2 protein chains.
Amino acid sequence: MAITSTTLVDSLRAGDARALARAISVVENRQSGWADLLKALFPHTGKARVIGLTGPPGAGKSTLVDQLAKYYRNKKENQTVGIIAVDPTSPYTGGAILGDRIRMQDHHADPGIFIRSMATRGSLGGLARATADVATVLDASGRDLIMIETVGVGQDEVEIVRLADVTIVILVPGMGDDVQTIKAGIMEIADIFVINKSDREGAERVEREIRAMQSLATRMPHQINDHWTPPIVKTVASQGVGTEELAEAIAGYEAYLKKENLAFKKNVENWQERLVEMLRDAMLEKARAQLDGASLERYAAEIAQHKRDPYSLVEEIVEKIGHR
Amino acid sequence: MAITSTTLVDSLRAGDARALARAISVVENRQSGWADLLKALFPHTGKARVIGLTGPPGAGKSTLVDQLAKYYRNKKENQTVGIIAVDPTSPYTGGAILGDRIRMQDHHADPGIFIRSMATRGSLGGLARATADVATVLDASGRDLIMIETVGVGQDEVEIVRLADVTIVILVPGMGDDVQTIKAGIMEIADIFVINKSDREGAERVEREIRAMQSLATRMPHQINDHWTPPIVKTVASQGVGTEELAEAIAGYEAYLKKENLAFKKNVENWQERLVEMLRDAMLEKARAQLDGASLERYAAEIAQHKRDPYSLVEEIVEKIGHR
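Residues numbered from 1 in each chain as written. Chains lettered and ligands numbered in written order. Predicted model: local features only at pLDDT ≥ 70, side-chain atom pairs only at ≥ 80, totals over all residues.

## Points about the overall build of chain A
Selection criterion: Only DSSP runs of H or I with at least four residues qualify as helices, and only runs of E with at least two residues qualify as strands; both kinds are numbered from the N terminus onward. Counting other C-beta atoms within 10 Å of a residue's own tells you its class, since 20 or more makes it buried, 12 or fewer makes it exposed, and anything in between is partly exposed; those C-beta atoms are placed from the backbone. Two residues qualify as a contact pair if the distance between their C-beta atoms, derived from the backbone, is within 7 Å.
Along its length, chain A carries 13 helices and seven strands. Counting all 324 residues of chain A, 48% fall into the buried class. Nonlocal contacts in chain A, meaning residues at least 24 apart in sequence, comprise 73% of its contacts between residues at least 6 apart.

Next comes the structure, spelled out in structure tokens:
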């Protein structure tokens, strides 16, 4: 198949940004040959560090990620960076593509930074899976560091950032009454907390609240972090304040994983999650191959008319597939 | 099976709140007999109006839903109400159960209001599907009106509220720079916009922004709303301001669907979405039945060690199931 030709894989591995962008599109949009491409790329993966960042809208994630990217690009670190910005912005406004262009202008002189926005889940496969697959492509391309940023704090975002080696939860002062709700939902996925815009009033309160929740927990549910208390780093990303401290906290967590021999364990746990997600998608595809759009609509109409119950229908379809 | 005994279904249909709560638990937690229970309940569904409400954290959704509940419970409307509060609060803090109790105290004298919080997706099945199934139980129990409120604006929340007959998107003034992002992601699912806390500074700006986005759109992607411009209702839910106007906007949209003969079409579209979600879950369950936890972990370890590529593995598993 043309798509998995050594040309594309070789160009991508040689650092060709256009080949990289093309490979990502193939994988993200499930274009013909996407699975073969991932198979060809997989042996070249496993070298990149993957950092996930999430937090509520308005927390300043993009600015913080840009600051981190600059930090890791400096002479001392000299790492190549790939950024995946997962953004629920709809195709209705084209926000994601626009966002890419605006951010790329900042870094256009530096081929060492590659940014890709992902706006929507495709018709097949969840956003978490698509993000993981794009990270696989970036990893195979030889990027030293991959940052995945997600807007929001829903279950989707939690799944996306859980696939990272290091997960950073970004909060800001003055989020209003529901800050408790936000924090509760992501408390257990944070390896590191960031309080961004920490020059604003209320930063101390946010810090106290995090500390209070940490002291309440007898232990974190994620056993990997049994002997790790997520540190709280204060930043003002718009002024570059705290970036180095955050990078040190990241390095500190990586050192902890290494010292406790947990990096592999975390990796295995992540792959278990990914396998389930991949199986779910692949099985649905199989079921859909038997059910064209027309029959799906016909079934839906029969259910809406109460001529058929959906629970028995699904059992029948699944049963049929098992016996072929 | 004891669970689908006429006793439970009959008690639930007779308005017994404890039977209702028990049936919801069976369905939500996929306890033994859940599918049979849903099959037995399905013929009794299709009568309730389903209203979905979503918006960013801090928008005052719960307060607004409580106000609407009171409105629909008054003598003029006299409807029974079921509320499903989908909340990403983690089991770590037990926030959802606590929230239920606090909110139930407000309504404890009124058996005509039933509130249930749903915090997490189970190991099988997505949150959107679980919410839809719980709505099915409430519908079968004879509730006239079901309100589904979701915290957040991620893809999950979008899927959950899309299953409603009427979808309400709640915004508030002063959300910060990312309000644009939030609105963009949910612009096309809104049948009605609410600007809550509209006595705050910036309410006009939010309204102007919604209007601007509406005027930019040549037509809404959701064809059901081709001849409908989502109205903007301003509320101050904490003071009960605007509740009646919102109820009128809801009635207005329902009248539009009826007049244009679109209610059935919307119902069919919703069932198509739900069927895909149900198939996805059922097929995964089938795949998992062959793969116990131990072999899943072993596969994950082999992948983490790069002894095996996950893309070929998933193909093999799916292929095998097809040939049994």
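Text resumes after the structure shown.
## Focus: the sheet that holds strand β3 (residues 113-118) of chain B
Residue and element names in this part refer to chain B. Heads up, the rule is: One bridge is not enough; two strands pair if DSSP finds at least two bridges between them. Whenever a helix is involved, its axis is fitted only over the stretch in contact; in every case the axis is a line through C-alpha atoms, and angles between N-to-C directions fall within 0 to 180 degrees.
Read from one edge to the other, the open sheet built from seven strands follows the order β3-β2-β4-β1-β5-β6-β7, with strand pairing classed as parallel. In this open sheet, the two edge strands, each paired with only one partner strand, are β3 and β7 (232-234). Ignoring strand direction, the axes of neighbouring strands in this sheet form an average angle of 20°. Set on the sheet, helix α6 (residues 127-140) makes contact with β1 (49-55), β2 (81-86), β3 and β4 (145-151); between it and β2 the angle comes to about 165°.

## Focus: the sheet that holds strand β5 (residues 166-171) of chain A
Residue and element names in this part refer to chain A. Across the sheet, which stays open at both edges, the seven strands sit in the order β3-β2-β4-β1-β5-β6-β7 with parallel pairing between neighbours. The open sheet terminates on both sides in strands that have one partner only, identified here as β3 (113-118) and β7 (232-234). Direction aside, the axes of adjacent strands within the sheet are offset by 20° on average. Relative to β5, strand β1 (residues 49-55) runs parallel, the two sharing four bridges.

## Some points on the domain arrangement of chain A
Residue and element names in this part refer to chain A. What counts here: An automatic or database domain assignment supplies the residue ranges for each domain. In this classification, Asp, Glu, Lys and Arg are treated as charged, Ala, Val, Leu, Ile, Met, Phe, Trp, Tyr, Cys and Pro as nonpolar, and every other residue, Gly included, as polar.
Assigned domains within chain A: domain 1 (1-44), domain 2 (46-261) and domain 3 (277-322). With 15 residues of domain 1 at the contact, the number on the domain 2 side is 15 residues. Mapped by element, the contributors of at least two residues to the side of domain 1 that touches domain 2 are α1 (6-13), α2 (17-28) and α3 (34-41). For the side of domain 1 that touches domain 2, the element with the most residues is α2, which contributes six residues. Grouping the amino acids of the side of domain 1 that touches domain 2 by side-chain chemistry returns nine nonpolar, three polar and three charged.

## Topic: the pairing of strand β6 (residues 192-195) of chain B
All names here are of chain B. Here β6 shows a buried face lined by Ile192 and Val194 and a second buried face lined by Phe193 and Ile195. Pairing geometry for strand β5 (residues 166-171) and β6, over four bridges, is parallel. Within β6, the residue paired with Ile168 across the bridge is Ile192. Direction of pairing for β6 relative to β7: parallel, over a ladder of three bridges. Note on β7: the bridge partner recorded for Ile195 is Lys234.

## Observations regarding the packing of helix α2 (residues 17-28) of chain B against α6(B)
Residues and elements named next belong to chain B. Note the following rule: These descriptions rest on fixed angle ranges, namely under 35 degrees for roughly parallel, over 145 for roughly antiparallel, 65 to 115 for roughly perpendicular, and the rest for oblique. Handedness of each helix crossing follows the sense of rotation of the near helix against the far helix: counterclockwise by less than a right angle gives left-handed, clockwise gives right-handed.
Relative to each other, α2 and α6 sit at 155°, their axes nearing to 9 Å. What the angle tells us is that α2 and α6 run roughly antiparallel. Relative to α6, the crossing made by α2 is right-handed. Touching Ala23, Ile24, Val27 and Glu28 of α2 are Ala130, Asp133, Val134 and Val137, all from α6. A per-class count over the contact of α2 with α6 returns six nonpolar, no polar and two charged.

## Some thoughts on helix α3 (residues 34-41) of chain B
We apply this condition: This arc describes the spread of directions from the helix axis toward the C-beta atoms.
Residues of α3(B) that are buried: B:Trp34, B:Leu37, B:Leu38, B:Ala40 and B:Leu41. Buried residues along α3(B) cover an arc of 160° about the axis, so they all sit on one side.

## Considering unusual backbone geometry
Although it is not a glycine, A:Arg30 sits at a positive phi angle of roughly 55°. Looking at the secondary structure, you find A:Arg30 in the loop between α2 and α3. For A:Arg30, a count of 17 C-beta atoms within 10 Å gives the class partly exposed. One non-glycine residue, B:Asn261, adopts positive backbone phi at about 60°. As for its placement among the helices and strands, B:Asn261 is situated in the loop between α10 (243-259) and α11 (263-290).

## Comments concerning the environment of A:Phe193
Residues and elements named next belong to chain A. Tracing the backbone through its elements, the reader meets Phe193 in strand β6 (residues 192-195). Judged by local crowding, Phe193 falls into the buried class, with 24 C-beta atoms found within 10 Å. Ignoring anything within four residues of it in the chain, the contact list for Phe193 reads Val169, Leu171, Ile210, Pro230 and Ile232.

## Overview of the confidence of the model for chain A
Residue and element names in this part refer to chain A. Rules: Residue-level confidence of the predictor is what pLDDT reports, using numbers from 0 through 100.
When the pLDDT values of chain A are averaged, the result is 82; 79% of them are 70 or greater. For chain A, the element scoring lowest by mean pLDDT is helix α5 (residues 95-107), at 53; β7 scores highest, at 97. This stretch, residues 89-98, has a pLDDT under 50; its non-local contacts, to residues over four places away or in other chains, come to 25 contacts. Reported for the predicted complex are a pTM of 0.72 and an ipTM of 0.80.

## A word on the environment of A:His306
Relative to the helices and strands, A:His306 is located in the loop between α12 (293-304) and α13 (310-322). Note on A:His306: 12 C-beta atoms within 10 Å, which makes it exposed. The contact partners of A:His306, leaving out residues within four places of it in the chain, are B:Pro43 and B:Gly46.

## A closer look at the pairing of β3(B)
All names here are of chain B. Taken across its six residues, β3 has six buried, putting it largely inside the fold. Of the two faces of β3, the one carrying Ile113, Ile115 and Ser117 and the one carrying Phe114, Arg116 and Met118 are both buried. For β2 and β3, the ladder comprises six bridges, and the chain directions are parallel. By the bridge assignment, Val81 is partnered in β3 with Ile113.

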